[in-house]
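Observations on chain architecture
Listed below, chain by chain, are the residues.
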Amino acid sequence: MSQSIAANRYAKALYELAKEKNVVAETVADLREVRIVFTESKDLFNLLVSPNLTTEKKFELIDSIFSSVQPIIVDALKVILVNNRIDETVSVIDSFIRIANDESGIEDAIVYSTEALTEDQLERISTTFAKQVGKDSLNITNEIDSSLIGGIKLIIGNRIYDNTIVSKVNGLRRALLG
């Protein structure tokens, strides 16, 4: 997803504030949760853009829904709302996480497997593949996909490492059929 200039500016400002308050890791974790809320709840977005609600009511809604996250996130959401940029919230979050990851030498990754991987397996994948992409470590999300039959498929940014049985069978099929 492309990031707007405004989203990048909000993210940089929020990152600097989180860094100043020494809560970058906590902010990243909370923003991942906020992102889920914004992507899965169209009703929330509709309420926040509704002309029928006053700004004060919208602030109360934000305070109520996000009471457990870092206060700087709540304040940032209010600033974004007041400046009529609430539709860019997910882009701001994505940009913030990218900035925080770059500063920390971390890259987000998704590993698809037929069953949940252990912490040890995830750590070995992180150690092995982080070096290949020039990072210190990977922040891995493990997704279960039984259609893979076996093996793993790892996505890091725009790179795909596919070592699944399905991909090997498809490769063999292409080789045999020309």
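Look above for the structure.
Before going into details, it helps to say that this report is about the structure given with it. (Residues numbered from 1 in each chain as written. Predicted model: local features only at pLDDT ≥ 70, side-chain atom pairs only at ≥ 80, totals over all residues. Heavy atoms only, no water.)

Together, Ile 149, Ile 165 and Val 169 make up a nonpolar patch on the protein surface, roughly 260 Å² of accessible area in all. When you line up the elements, Ile 149 lands in the loop between β2 (137-144) and β3 (151-156). Judged by its relative accessible area of 58%, Ile 149 falls in the exposed class. (Patch = residues over 30% accessible without salt bridge, like charges linked within 9 Å, V, L, I, M, F, W, Y side chains within 5 Å. Areas by Shrake-Rupley, 256 points an atom, 1.4 Å probe, with all protein chains shown as cover. Salt bridge = Lys/Arg side-chain N within 4 Å of Asp/Glu carboxyl O. Helix = DSSP H or I, 4+ residues; strand = E, 2+ residues; numbered from the N terminus. Buried < 20%, exposed > 50% of the residue type's maximum accessible area, 1.4 Å probe, protein only.)

Okay, the layout of surface pockets next. Considered as a void within the structure, the largest pocket measures approximately 660 Å³ in volume. Elements with a minimum of two residues in the lining of the largest pocket: α2 (24-40), α6 (89-104), β1 (106-113), β2 and β3. Classifying every residue of the lining of the largest pocket gives eight nonpolar, six polar and seven charged. (1 Å grid on protein atoms, 1.4 Å probe; cavity = no way out; pocket = protein on both sides within 12 Å on 5 of 7 lines; lining within 4 Å. Points joined across faces, edges and corners; volume = space filled by probe spheres on them. Nonpolar A, V, L, I, M, F, W, Y, C, P; charged D, E, K, R; others polar.)

Judged by pairing direction, the sheet is mixed, and its four strands sit side by side in the order β2-β1-β3-β4 without closing on themselves. Here the strands that pair on one side only, and so sit at the sheet edges, are β2 and β4 (159-164). On average, adjacent strands in this sheet sit at an angle of 20° to one another, irrespective of strand direction. Pairing analysis gives eight bridges linking β1 to β2, with the strands arranged parallel. What sits directly across from Ile 106, in β2, is Ser 137. Docked against the sheet, helix α7 (residues 119-132) engages β1, β2, β3 and β4, running at close to 125° with respect to β2. (Pairing = 2+ DSSP bridges. Axes fitted to C-alpha atoms, helices over the stretch in contact; angles between N-to-C directions. Contact = heavy atoms within 4.5 Å.)

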